Every structure is written in structure tokens, then in C-alpha cells.
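Remarks on the overall topology
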Amino acid sequence: MNEMHCPNCGDLVSPAIRHVKMITCASCTTTLLLEDAGARAAGEQGVLHDVPMLFGPGDAVRIETTSYDILGHARFSYGRGSWDEFWAVDGRGDPVWISVDEGDLILQRLLTRADWPKYDGYLRLKSTLTYNGQRFQVSEVGTGTCVGLRGSFGHQLTVGESYRFLNLQGEEGDVLSAEIEGNSYEWFLGRWIDPFDVEVQMR
């Protein structure tokens, strides 16, 4: 990608891959949206208090037979606690999210609209649906608020913005998740990862 300059401090901003749509300036912590005409300020990165983490932006991790480059770190609060989301790309440049909540890891990919689960009515706690022949049950319903950002992301995130979410557990161990903003949905399909199966290569 072409190098750009932060409109706030003038420092060089150089996204790692072409998928990047948002990045935080390492010099002044301004969140920047990347557009054809250049970078424009979109807010602050919030506060990410340092806590022990298995990996972070700039690290490469190997999960089973696939390596992922960690590019972005977002933290969300759900009132009684928080969880972390890492935006990464695999060796083909395809994006994934790695969620970390109280030591539990989920590797998930965004589903295209055509691949969304189909169901009747309104999903609430303990509702069930069938997806790809597997029965899923809603195990968690809540709201998360973005409290901090670091690194690069494939779409815009805003500190202070809240999102509704649904998590559904599959009977074969897979996980379906929905992120809801207003009437807009995004669905993800993932699987649980044993932290001991993650090999971290710090750079």
C-alpha cells in the first residue's frame, strides 16, 4: 500500500496490507480511516491498559498448521468485565478474528451474506437453530462497548460505540457469533482453540 501521513501529527502511516481500512497512529494515538484520498482522523484509540496477553499486534502465531499475523487489537467492555479481539491475516492474506475472553480463545471468520444462518423468529438465550447440519444454541446475549484500539483493522471501529452480540454454541464444538449494530448484522463462524496449541513468534 502507499505510505500516508497522519493528518494530526504528520508522522508516516504505512498499512501492512491492502485490506486495512483503519489504523491507529503510533505517534499520536489518533484513529485514522484510510481512503483513496489519504488518511482522515476518526477519533482516539482509547485506553488499553497493559495486562498479560498471549500475543499482540506485530506478533505471528501458529495455530495447528496455519500461521497468522496479528495486526490489530480491540478491547470491549461488557460491564462486569472485558474481552479482547485480535484482527489477523493468514498466509493467503485472508482476515480472521481471534477472540480472547478469560483465557478462552476462539478463531473465527466473517460469513458472507449468503452463508448466514437461517432461522424463524427472534433469537434469545437458549434459542436454537441448525447450521450446516449442526444444532446451535444461544449461550450468551449481551452488549459490548469498544474501549480501546491498537494497530490496524479491516473495517472501522469506534471507541465508545456499543454493539449487541449473540454467541451460539454448536453441539460439535463450533461457535456462531453475531454482531449487531442497529439493524445491521455481521455473522461469524469459529471454533475453540486450546491456548497450549498456540505457538507465538514475537518480533
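Residues numbered from 1 in each chain as written. Predicted model: local features only at pLDDT ≥ 70, side-chain atom pairs only at ≥ 80, totals over all residues. Heavy atoms only, no water.

Observations concerning the overall build of the protein
- What the protein contains, in helices and strands, is zero helices and 16 strands.
- Per element, the accessible surface of the protein, about 11100 Å² overall, is 47% carbon and sulfur. (Helix = DSSP H or I, 4+ residues; strand = E, 2+ residues; numbered from the N terminus. Areas by Shrake-Rupley, 256 points an atom, 1.4 Å probe, with all protein chains shown as cover.)

Observations concerning the nonpolar core
- With 15 residues, the main nonpolar core has A74, F76, W97, L149, F153 and L157 as its most contacted residues.
- Put simply, the parts of the chain that give this core at least two residues each are β7 (66-77), β8 (82-90), β12 (134-153) and β13 (162-170).
- What F76 contacts, discounting residues up to four positions off in sequence, is G81, S82, W83, E85, G144, T145, C146, V147 and Y163.
- Counting 14 residues, the second largest nonpolar core, distinct from the first, contains I63, Y68, L107 and I193. (Core = buried A, V, L, I, M, F, W, Y, C linked by side-chain atoms within 4.5 Å. Buried < 20%, exposed > 50% of the residue type's maximum accessible area, 1.4 Å probe, protein only. Contact = heavy atoms within 4.5 Å.)

A word on the layout of surface pockets
- Empty space within the largest pocket amounts to approximately 630 Å³.
- Those elements that provide at least two residues to the lining of the largest pocket are β8, β9 (95-101), β10 (104-110), β12, β13, β14 (174-181) and β15 (184-193).
- Per-element tally for the lining of the largest pocket: the top contributor is β13, with seven residues.
- Of the residues belonging to the lining of the largest pocket, the class tally is 14 nonpolar, eight polar and eight charged. (1 Å grid on protein atoms, 1.4 Å probe; cavity = no way out; pocket = protein on both sides within 12 Å on 5 of 7 lines; lining within 4 Å. Points joined across faces, edges and corners; volume = space filled by probe spheres on them. Nonpolar A, V, L, I, M, F, W, Y, C, P; charged D, E, K, R; others polar.)

Examining the pattern of salt bridges
- Taken as a whole and assessed by the stated rule, the structure comprises five salt bridges.
- The salt bridge partner of R92 is D90, with a shortest N-O separation of 3.9 Å.
- The buried category is assigned to D90, whose relative accessible area is 7%.
- Each of the salt bridges in this network shares a partner with another, and the network as a whole consists of D90, R92, D94 and R109. (Salt bridge = Lys/Arg side-chain N within 4 Å of Asp/Glu carboxyl O.)

Topic: the pairing of β12
- For β7 and β12, the ladder comprises six bridges, and the chain directions are antiparallel. Bridging from a neighbouring strand, F76 pairs with C146 of β12.
- Pairing geometry for strand β11 (residues 128-131) and β12, over four bridges, is antiparallel. Within β12, the residue paired with L129 across the bridge is F136.
- Counted along the chain from β11 to the antiparallel partner β12, the turn is two residues long, and its residue N132 has a positive phi close to 50°.
- Direction of pairing for β12 relative to β13: antiparallel, over a ladder of nine bridges. (Pairing = 2+ DSSP bridges.)

Details of unusual backbone geometry
- Despite not being glycine, K126 has its phi angle at roughly 75°, a positive value.
- The phi torsion at N132 lies on the positive side, around 50°, for a residue other than glycine.
- Inspection of the secondary structure assignment puts N132 in the loop between β11 and β12.
- Look at N132 and you get exposed, because its relative accessible area is 68%.

Remember, this is a structural readout, not a statement about activity or role.
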